[in-house]
Amino acid sequence: PNDLVNRAQMAIFLCAGLGIPPVAPPAHYFLDIAGYEWAEGYIEAIFNEGITAGCGSNIFCPGENITRAQLAVWLTVGLGLDTYRHPMNP
C-alpha cells in the first residue's frame, strides 16, 4: 500500500475495476512497451476506451509512476463523470 504505482500497473487496476477486458491479441499501438508486455492488452484496452492517449505520439510511458492528476483524468473519463463547468461558462 505504500509503493508508488506505474502507468502499466494502473492500466490493469483500472480495467479490473471498470470491467474492461484486455485487448487480445494487442495491436502494438504503443512503441515503448518492451518489458511491459504483461500489461499491453490492458494498456490498449484503456486506449481503445478513450481513457488515455498515452504520454506522446504512440508512446505510453508504462514505467513512469502515474501522477494524481493523470489518475484523476483516467477515473473521470473511465467512470463517465461530468467535468466541472464554471457557472458563468456553461
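Residues numbered from 1 in each chain as written. Predicted model: local features only at pLDDT ≥ 70, side-chain atom pairs only at ≥ 80, totals over all residues. Heavy atoms only, no water.

A.B. asks: Before we move on, can you summarise the environment of leucine 75 with the specific residues and values?
C.D. replies: By the secondary structure assignment, leucine 75 is in helix 3 (residues 68-78). Accessibility expressed as a relative area gives 34% for leucine 75, which makes it partly exposed. (Helix = DSSP H or I, 4+ residues; strand = E, 2+ residues; numbered from the N terminus. Buried < 20%, exposed > 50% of the residue type's maximum accessible area, 1.4 Å probe, protein only.)

A.B. asks: Please set out the packing of helix 1 (residues 7-18) against helix 2 (residues 40-48) residue by residue, giving values where relevant.
C.D. replies: For the pair helix 1 and helix 2, the least separation of the axes is 8 Å and the interaxial angle reads 65°. Classified by the interaxial angle, the pair formed by helix 1 and helix 2 is roughly perpendicular. Every pair of crossing elements has a handedness; the one defined by helix 1 and helix 2 is left-handed. In this structure, helix 1 uses Ala8, Ala11, Ile12, Leu14 and Cys15 to contact helix 2, whose residues at the interface are Tyr42, Ile43, Ala45 and Ile46. Split into classes, the residues belonging to the contact of helix 1 with helix 2 amount to nine nonpolar, no polar and no charged. (Axes fitted to C-alpha atoms, helices over the stretch in contact; angles between N-to-C directions. Parallel < 35°, antiparallel > 145°, perpendicular 65-115°, else oblique. Left-handed = near helix turned anticlockwise from the far one by under 90°. Contact = heavy atoms within 4.5 Å. Nonpolar A, V, L, I, M, F, W, Y, C, P; charged D, E, K, R; others polar.)

A.B. asks: Requested: an account of unusual backbone geometry, with residues and values cited.
C.D. replies: The linkage connecting alanine 24 with the following residue, proline 25, adopts the cis geometry, with an omega of -5°. Within the secondary structure layout, proline 25 lies in the loop between helix 1 and helix 2. Positive phi values are uncommon outside glycine, yet histidine 28 reaches one of about 60°. Along the chain, the position of histidine 28 falls in the loop between helix 1 and helix 2. Positioned with a positive phi, cysteine 61 is a non-glycine residue whose angle comes to about 60°. Along the polypeptide, cysteine 61 turns up in the loop between helix 2 and helix 3.

A.B. asks: Any details on the state of the cysteines? Residues and values, ideally.
C.D. replies: For the structure on display, the rule yields one disulfide. One disulfide in the model links cysteine 55 with cysteine 61; its S-S distance is 1.9 Å. One disulfide, between cysteine 55 and cysteine 61, carries an S-S torsion of 80° and so falls in the right-handed class. For cysteine 55, a relative accessible area of 35% gives the class partly exposed. Looking at the unpaired cysteine 15, the closest cysteine sulfur is the one in cysteine 55, lying at 17 Å. A relative accessible area of 1% means that cysteine 15 is categorised as buried. (Disulfide = S-S within 2.5 Å.)

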